[in-house]
Amino acid sequence: MDSFIDQYLEKEEEAPEIDVFKDHITKEELTAMADADASEVFNQIIDKKLDGIQSLREQYDNSDCEDLIYYKKGGSITPTLKEAVGKSFLFYHKVIKEKQYKKLMTRSHEDRCIFLIEQNRQLLLRDRDWIKIFSNIEQHLKSYARYYPMVRVKANNRDLNHLIMALVLNDELYQSAEKWSKEYES
């Protein structure tokens, strides 16, 4: 038994120090560290990433798509998230050029609302959210341009789903996104 312990301790002494964030690490050194203890290398990388995320959360009110539903005008937002929202807004509104949209705009507000209900497969909206949407569509003809894309854009990942929900439900974000998108128009 002692020989096994001695072998383990010798192997432990020979293993490289694992610090994946030391200055000027080479690919060979990183490979040697991963060969020695892959789980420690993975843990250090994840810890560093989590530290970066936490730092962003401390610096900004809105640091990821989940935060956008709570966005308030004048609140801080990471530059990369602001850019993503602005560019997404441009794409989001390209779908209102579809023939289907133009056809729906000639129909009653009830027909347009029914279309949204029937086509919605991705967003979990509360009854009070639907009531707000329907009221807005009934009172403001142009507001349909805000809601039509929610059922035409494929929200097949969590962040995109959060972004679309926020654009649909958060008036302040929608207005800000419209303004930010102008920076990316070509």
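Structure: above.
So, here's what we can say about the structure. Treat the numbers as computed from the prediction; the structure is a model and nothing was measured. (Residues numbered from 1 in each chain as written. Predicted model: local features only at pLDDT ≥ 70, side-chain atom pairs only at ≥ 80, totals over all residues. Heavy atoms only, no water.)

### Quick word on the side chain of Ser176
Line of reasoning, step 1. Looking at the secondary structure, you find Ser176 in helix α9 (residues 171–181).
Line of reasoning, step 2. We classify Ser176 as buried; its relative accessible area is 6%.
Line of reasoning, step 3. Polar side-chain contacts of Ser176 include one of 3.3 Å to the side chain of Tyr71.
Line of reasoning, step 4. Residues contacting Ser176, with those up to four places away along its chain left out, are Tyr71 and Lys73. (Helix = DSSP H or I, 4+ residues; strand = E, 2+ residues; numbered from the N terminus. Buried < 20%, exposed > 50% of the residue type's maximum accessible area, 1.4 Å probe, protein only. Polar contact = N/O pair within 3.5 Å; in protein donor to acceptor, adjacent residues only side chain to side chain. Contact = heavy atoms within 4.5 Å.)

### Some words on the layout of surface pockets
Line of reasoning, step 1. Taken as a whole, the largest pocket encloses approximately 240 Å³ of empty space.
Line of reasoning, step 2. Listed by contribution, the elements that provide at least two residues to the lining of the largest pocket are α3 (79–94) and α9.
Line of reasoning, step 3. Counting residues per element, the lining of the largest pocket draws most heavily on α3, which supplies four residues.
Line of reasoning, step 4. Of the residues belonging to the lining of the largest pocket, the class tally is four nonpolar, three polar and five charged. (1 Å grid on protein atoms, 1.4 Å probe; cavity = no way out; pocket = protein on both sides within 12 Å on 5 of 7 lines; lining within 4 Å. Points joined across faces, edges and corners; volume = space filled by probe spheres on them. Nonpolar A, V, L, I, M, F, W, Y, C, P; charged D, E, K, R; others polar.)

### Some thoughts on the packing of aromatic side chains
Line of reasoning, step 1. Counted by the stated rule, this structure contains seven aromatic pairs.
Line of reasoning, step 2. Plain terms: the ring middles of Phe89 and Tyr174 are 5.2 Å apart, the flat faces sit at 70 degrees to each other, and that makes the pair edge-to-face. Taken together, the residues Phe89 in helix α3 and Tyr174 in helix α9 connect sequence positions 85 residues apart. Note on accessibility: Phe89 and Tyr174 belong to one class, buried.
Line of reasoning, step 3. Relative to Tyr144, the ring of Tyr101 lies with its centre 6.0 Å away and its plane at 15 degrees, an arrangement referred to as stacked. Linking Tyr101 in helix α4 (residues 99–104) with Tyr144 in helix α7 (residues 144–152), this pair joins segments that are 43 residues apart in sequence. (Phe/Tyr/Trp six-rings, centres within 6.5 Å; stacked < 30°, edge-to-face > 60°.)

### A few points about the nonpolar core
Line of reasoning, step 1. Judged by nonpolar contacts, the single largest core of 38 residues is most densely connected at Leu68, Leu116, Ile133, Met150 and Val168.
Line of reasoning, step 2. Elements represented by at least two residues in this core include exactly α3, α4, α5 (109–119), α6 (127–139), α7, α8 (158–169) and α9.
Line of reasoning, step 3. When sequence neighbours within four positions are dropped, the list of residues in contact with Ile133 reads Leu116, Leu125, Tyr147, Met150 and Val168. (Core = buried A, V, L, I, M, F, W, Y, C linked by side-chain atoms within 4.5 Å.)

### Here's the deal with the environment of Ser76
Line of reasoning, step 1. If you trace the backbone, Ser76 turns up in the loop between α2 (27–59) and α3.
Line of reasoning, step 2. For the pair Ser76 and Asn62, spaced 14 residues apart in sequence, the C-alpha to C-alpha distance is 6.2 Å.
Line of reasoning, step 3. For Ser76, the contacting residues outside a window of four places in its chain are Gln59, Tyr60, Asp61 and Asn62.
Line of reasoning, step 4. Reaching out from Ser76, the side chain makes a polar contact with the backbone nitrogen of Asp61 at a distance of 2.7 Å.

### Considering the environment of Leu141
Line of reasoning, step 1. Considering the arrangement of structural elements, one finds Leu141 in the loop between α6 and α7.
Line of reasoning, step 2. Placed 33 residues apart in sequence, Leu141 and Ser108 show a C-alpha to C-alpha distance of 9.9 Å.
Line of reasoning, step 3. Residues in contact with Leu141, not counting those within four places in the same chain, are Met105 and Arg112.

### Points about α6
Line of reasoning, step 1. Across its 13 residues, α6 extends 18 Å between first and last C-alpha, which sits within 8% of the 18 Å expected from 1.5 Å per residue.
Line of reasoning, step 2. Inspection of α6 places Asp129, Trp130, Ile133, Asn136 and Ile137 among the buried residues, and these make up the whole buried set. All buried residues of α6 project into a common sector of 130 degrees when viewed along the axis, lining one side. Of the exposed residues in α6, the ones pointing more than 90 degrees away from its buried face are Asp127, Arg128, Ile131, Glu138 and Gln139.
Line of reasoning, step 3. At its buried positions, α6 is contacted by α5, α7 and α8. (Expected span 1.5 Å × (residues − 1). Arc of directions from axis to C-beta.)

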